[in-house]
Protein chains: 2
Amino acid sequence: MAVYFNDQFVSNEEAKLHVADLSLQRGYAVFDFFRTVNGVPLFMDDHLDRFYASAAGLYMTINKNREELKAIVQELLQRSSLSEAGIRLMLTGGYSADSYHSMTPNLIITCNPAKTATADDFEKGYSVITYEHQRQLPHIKSINYLVAVWLQPLLKEKGADDVLYHYNNIITEFPRSNVFIVTADNILVTPARNILYGITRKHVLSLAAGYLPVEERDITLPELMNATEVFLTSTTKKIIPVLHIDNNTIGNGKPGPVTRELYRQLTTLQTNLAANEQNCH
Amino acid sequence: MAVYFNDQFVSNEEAKLHVADLSLQRGYAVFDFFRTVNGVPLFMDDHLDRFYASAAGLYMTINKNREELKAIVQELLQRSSLSEAGIRLMLTGGYSADSYHSMTPNLIITCNPAKTATADDFEKGYSVITYEHQRQLPHIKSINYLVAVWLQPLLKEKGADDVLYHYNNIITEFPRSNVFIVTADNILVTPARNILYGITRKHVLSLAAGYLPVEERDITLPELMNATEVFLTSTTKKIIPVLHIDNNTIGNGKPGPVTRELYRQLTTLQTNLAANEQNCH
């Protein structure tokens, strides 16, 4: 699989960073990730917006403009011949003489087979646990998933599919997904702050606005547990119903009608976007 | 400069990790760092203890025992011919198929010229700022210095030498150093929890115990500002007086007598350890 590495395409074996890079020395790097549907990148402009914003948030500059990045992505897709691919854009702190201050960043773009959630995954839903933690610099998509990876043995022990973070009694997000609830009076609510603003979250909010009342605001742990429906959104998971949280069952323990309708709308949107894009070329 | 990389010595140019490593994908890695005095590793056993503990804390195993690691360090020192070297031991999460779960770790040990604080640095002291932040998994020496590196432009703007973290009104540590205060009634106090337990901190506590009362406990921000002396400890900085914090001057703005005496004792200890070790060989 080809990899774009600072101004050139290299083989996967050559996609290596020297250990002096600030990503390895100090965990200082940002990334973004999107996927293709039938070979068409999904919401690429949203992801590029966020990638530029993440880099700027860490005082780093991407030395390629949007059209250049898009051309690199297209070239990688052509070389990979994958119709369902995951594109990972990565910008690291660079080779740092003192192992502490950011230097000229390294840009790495990879293209690999993407594994996305299926209709069966949707029906099965998730059992999750909650954990008190606040991600650092949450608006920035940095590589800091230290606590998330560290929690994996606990998740395995608990038989949980994922972990929902909360802090000071307010829920925020999953390590790689956003959270939504449906209240008893049929309002869709999602946290507004101290989170990474997901691209799927944005599009689900947009779809939902034509269908039911929507609020972005704080959600307490008790409000979460009393919700009639809970679901998560992410690029690879799309929408997954959350059916069990700690020892509580949400609703009747099955995917609810709002979650199901939004899943239908999102799937349709993604399929249509891919089809329209293909027709334009 | 030679680098030890998994089971072999490689050139510095070859010391590269594939971008699929979990350190690059998710910031999942631990390290430790110590230096040599006249070619003799300083407090190496303490650092190896902490390196093993950090790895275990992230559910990773170092596939070398203590004697094997020491032999590798000695070989690197011989090859480098440096009398004042910095040894960095690093264990990464490994090449992860799903970019999320830890696999077989990669072990990397580097040996580079070390820059340590001088007597002039001691006399000059530090001006620091405070910042509300709690490091994640603070007892584990992970590579997560995201906030520390991100704060560098602010430090530059403020003309500060370093940043002291506090949380809920309690001070904890600097990103790479521990903090000590001397109270008006001449007690040496250092934070006891939510910190990385520094090796220099440990030896300074031990030296101080024969000289003045010592307490390990919470220190509030007001108590910090009213201290008669404040200093920091680290492997490369040894002991540095903290003379200005935000807009406050500590004591008379010059290194205090307790700080000076502990600096003298620590320097003597380090010189003697190196001399004794050399005499034994």
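Residues numbered from 1 in each chain as written. Chains lettered and ligands numbered in written order. Predicted model: local features only at pLDDT ≥ 70, side-chain atom pairs only at ≥ 80, totals over all residues. Heavy atoms only, no water.

The next point concerns the side chain of Q136 of chain A. One can find Q136 of chain A in the loop between β8 (126–132) and α5 (146–150). A relative accessible area of 9% places Q136 of chain A in the buried class. One polar contact links Q136 of chain A to N144 of chain A, side chain to side chain, over a distance of 3.2 Å. Apart from the residues lying within four places of it in its own chain, the contact partners of Q136 of chain A are N144 of chain A together with H133, Q134, R135, Q136, N144, L146 and V147 of chain B. (Helix = DSSP H or I, 4+ residues; strand = E, 2+ residues; numbered from the N terminus. Buried < 20%, exposed > 50% of the residue type's maximum accessible area, 1.4 Å probe, protein only. Polar contact = N/O pair within 3.5 Å; in protein donor to acceptor, adjacent residues only side chain to side chain. Contact = heavy atoms within 4.5 Å.)

For S81 of chain A, which is not glycine, the phi torsion reads 55° and is therefore positive. Mapped onto the secondary structure, S81 of chain A falls in the loop between α3 (66–80) and β6 (85–92). Overall, S81 of chain A belongs to the exposed group, its relative accessible area being 64%. Positive phi, normally seen in glycine, also occurs at S99 of chain B, with a value near 60°.

Let's shift gears to the relation of the copies chain B and chain A. Turning chain B through 180° and shifting it by 0.0 Å along the axis lays it on chain A, with an RMSD of 0.0 Å. Such a turn and shift between the copies fits a two-fold axis. (Least-squares fit on C-alpha atoms with pLDDT ≥ 70 in both.)

The next point concerns the interface of chain B and chain A. Often, the extent of an interface is quoted as the loss of accessible area upon association of its parts. At the junction of the two partners, chain B supplies 43 residues and chain A supplies 44 residues. Contact between chain B and chain A buries roughly 4200 Å² in total, counting both sides, with carbon and sulfur atoms accounting for 61%. Together, R26, Y100 and L146 of chain B form the three largest contributors to the area buried by chain B at its contact with chain A, with a combined 19%. Counting every contact that joins chain B to chain A gives 18 residue pairs in polar contact (both at pLDDT 80 or more). When grouped by side-chain class, the residues that make up the side of chain B that touches chain A number 23 nonpolar, 14 polar and six charged. (Buried area = accessible area lost by both parts, 1.4 Å probe. Nonpolar A, V, L, I, M, F, W, Y, C, P; charged D, E, K, R; others polar.)

Looking now at the pairing of β6 of chain A. Residues in a regular strand point their side chains to alternate faces of the sheet. Residues and elements named next belong to chain A. The element β6 is extensively covered by neighbouring structure, given that eight of its eight residues are classed as buried. A two-sided burial pattern is seen for β6, the buried positions comprising A85, I87, L89 and L91 on one face and G86, R88, M90 and T92 on the other. Two elements, strand β4 (residues 29–37) and β6, share seven bridges in a ladder whose sense is antiparallel. Across the sheet, residue R35 finds its bridge partner in β6, namely G86. In terms of strand pairing, β6 meets strand β7 (residues 106–113) through eight bridges, oriented antiparallel. Residue pairing in the sheet places A85 in a bridge with P113 of β7. (Pairing = 2+ DSSP bridges.)

What follows deals with the pairing of strand β4 (residues 29–37) of chain B. In terms of burial, β4 of chain B is a largely internal element, eight of the nine residues being buried. As consecutive antiparallel partners, β4 of chain B and strand β5 (residues 40–41) of chain B are separated by two residues, and within that stretch N38 of chain B has a phi angle of approximately 50°, a positive value.

Take the sheet that holds strand β2 (residues 8–10) of chain A next. Residue and element names in this part refer to chain A. Pairing within the open sheet is antiparallel, and its six strands lie in the order β2-β1-β7-β6-β4-β5. Both outer strands of the open sheet, β2 and β5 (40–41), are each paired with one neighbouring strand and no more. Packed onto the sheet, α3 meets β1 (3–5), β2, β4, β5, β6 and β7 and runs at close to 35° relative to β7. (Axes fitted to C-alpha atoms, helices over the stretch in contact; angles between N-to-C directions.)

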